[in-house]
Amino acid sequence: MSIAISPEDINAPQLKDLSIVRNEQKELNIKPVHALDKPFKTATFGMGCFWGAESLYGATKGIMRTTVGYAGGSKEGPTYRNLGDHTEVLEIDFDPEVISFQDLLKLFWNNHEYGLTTPIKRQYMSLILYHDEEQKKIAEQSKQDEQKKRAPEIVTTEIRPKTNFYPAEDYHQKYRLQGHRDLCDTLNFNSKLLQTSYVGTKLNGYLSGVGGLEQFKTEVETMGLTPTQKEYCTYYVEKNEGQGLYC
């Protein structure tokens, strides 16, 4: 379980003095943006280990919220240690005026942790859980197109209706961001916000190296960060830019 911060990184900005950020928040009237008041649609994908997928989509423009969890099976109340017949999945709230379901599928097909054509246990299988008939139609056509590209290999992805979703344990939510403990303290996270926070979703992607510094600069003003938080985040976004996704 690799963490983005290294003890030897002595030149990195520090957030251990929480009072500095608290004073900035009060004096500048800045609050972390945990929710956006905008219409959204939802997609649910299984792509192998869900940590990397959550970072990938979090740093994608148009994504408003990500939550990792378990879905697709029959067991009530699954846990990581007792998953039953469920699959690790990522639930994504997205702004359809910024990004389409088709765009989400492009990322889906190209970023599986364990590949698309190798049979694997249900926990990590490739899975699209559609939310309506439009998503079903788009997903099925998209799979056909992907199969043509990969022939003679067989794409193993299953496409099924979304019938349930159980959020994963807190330590799985925004896993890369939680490596930055002091930053999380300044963002006032609790169990619910780890699942639903907009700023948490964005930073979990950007701080892991997805998206890059220039794109981060175009979105950072939407997150409700103080100058000290911005300095800290900018440092790590630049430092980690280009790192591959991993679990």
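Residues numbered from 1 in each chain as written. Predicted model: local features only at pLDDT ≥ 70, side-chain atom pairs only at ≥ 80, totals over all residues. Heavy atoms only, no water.

Under an unreviewed UniProt entry, the name given to the chain is peptide-methionine (S)-S-oxide reductase, and the organism recorded is Stomoxys calcitrans. UniProt's Sequence similarities (unreviewed entry) comment on the chain is quoted here verbatim: "Belongs to the MsrA Met sulfoxide reductase family." (UniProt positions renumbered as here; feature names shortened; annotations may be inferred.)

S.K.: Which parts of the structure should I look at to understand the sheet that holds strand β2 (residues 63–71)?
M.R.: Within a sheet, neighbouring strands are paired by backbone hydrogen bonds and run either parallel or antiparallel to one another. Strand order in the open sheet formed by six strands is β5-β4-β1-β3-β2-β6, and the pairing between neighbours is mixed. Two strands lie at the open edges of the sheet, namely β5 (158–161) and β6 (166–167), each paired on one side alone. By the bridge criterion, eight bridges tie β2 to strand β3 (residues 87–94) in an arrangement that is antiparallel. Within β3, the residue paired with arginine 65 across the bridge is aspartate 93. The strands that helix α2 (residues 50–58) touches are β1 (41–47), β2 and β3; relative to β2, the one it contacts most, it runs at about 165 degrees. (Pairing = 2+ DSSP bridges. Helix = DSSP H or I, 4+ residues; strand = E, 2+ residues; numbered from the N terminus. Contact = heavy atoms within 4.5 Å. Axes fitted to C-alpha atoms, helices over the stretch in contact; angles between N-to-C directions.)

S.K.: Whenever I open this one, empty space enclosed by the protein confuses me. Can you help?
M.R.: Over the atoms rolls a probe the size of a water molecule, and in doing so it shows where empty space is left. Counted under the stated rule, the structure contains one cavity of 30 Å³ or more. A volume near 40 Å³ is recorded for the largest cavity. What lines the largest cavity is simply Gly52, Ser55, Arg176, Ser208, Gly244, Leu245 and Tyr246. Within the lining of the largest cavity, the residues separate by chemical class into two nonpolar, four polar and one charged. (1 Å grid on protein atoms, 1.4 Å probe; cavity = no way out; pocket = protein on both sides within 12 Å on 5 of 7 lines; lining within 4 Å. Points joined across faces, edges and corners; volume = space filled by probe spheres on them. Nonpolar A, V, L, I, M, F, W, Y, C, P; charged D, E, K, R; others polar.)

S.K.: Explain the nonpolar core here, please?
M.R.: A general tendency of soluble globular proteins is for nonpolar side chains to be buried together. Phe45, Tyr57, Phe94, Phe101, Leu104, Leu105 and Phe108 are the most contacted members of the largest nonpolar core, which totals 29 residues. Among the secondary structure elements, those contributing two or more residues to this core are β1, α2, β2, β3, α3 (101–110) and α4 (133–150). If sequence neighbours within four positions are ignored, phenylalanine 94 has contacts with Phe40, Lys41, Thr42, Ala43, Gly62, Ile63, Met64, Ile99, Ser100, Phe101 and Leu104. Membership of the second largest hydrophobic core comes to 26 residues, among which are Leu187, Leu203, Leu207 and Leu225. (Core = buried A, V, L, I, M, F, W, Y, C linked by side-chain atoms within 4.5 Å. Buried < 20%, exposed > 50% of the residue type's maximum accessible area, 1.4 Å probe, protein only.)

S.K.: Which parts of the structure should I look at to understand the environment of lysine 202?
M.R.: You can see lysine 202 is positioned in helix α7 (residues 198–206). On the basis of relative accessibility, which here comes to 0%, the residue lysine 202 falls in the buried class. Considering only alpha carbons, one finds lysine 202 and threonine 186, 16 residues apart in sequence, at a separation of 15 Å. Not counting residues up to four positions away in its chain, the partners in contact with lysine 202 are Gly58, Ala59, Thr60, Lys61, Ile63, Glu219 and Met223. A polar contact of 3.3 Å, which involves the side chain of lysine 202, links it to the backbone oxygen of isoleucine 63. (Polar contact = N/O pair within 3.5 Å; in protein donor to acceptor, adjacent residues only side chain to side chain.)

S.K.: Quick question: what am I supposed to make of the packing of α2 against α7 here?
M.R.: A pair of packed helices is captured by two measures, namely the crossing angle of their axes and the spacing between those axes. Remark: α2 packs on α7, axes separated minimally by 7 Å, with the N-to-C direction vectors making an angle of 105 degrees. When the interaxial angle is binned, α2 and α7 end up roughly perpendicular. Residues Glu54, Ser55 and Gly58 of α2 form the contact with α7, whose participating residues are Thr201, Lys202, Asn204 and Gly205. Of the residues that constitute the contact of α2 with α7, the class distribution is no nonpolar, five polar and two charged. (Parallel < 35°, antiparallel > 145°, perpendicular 65-115°, else oblique.)

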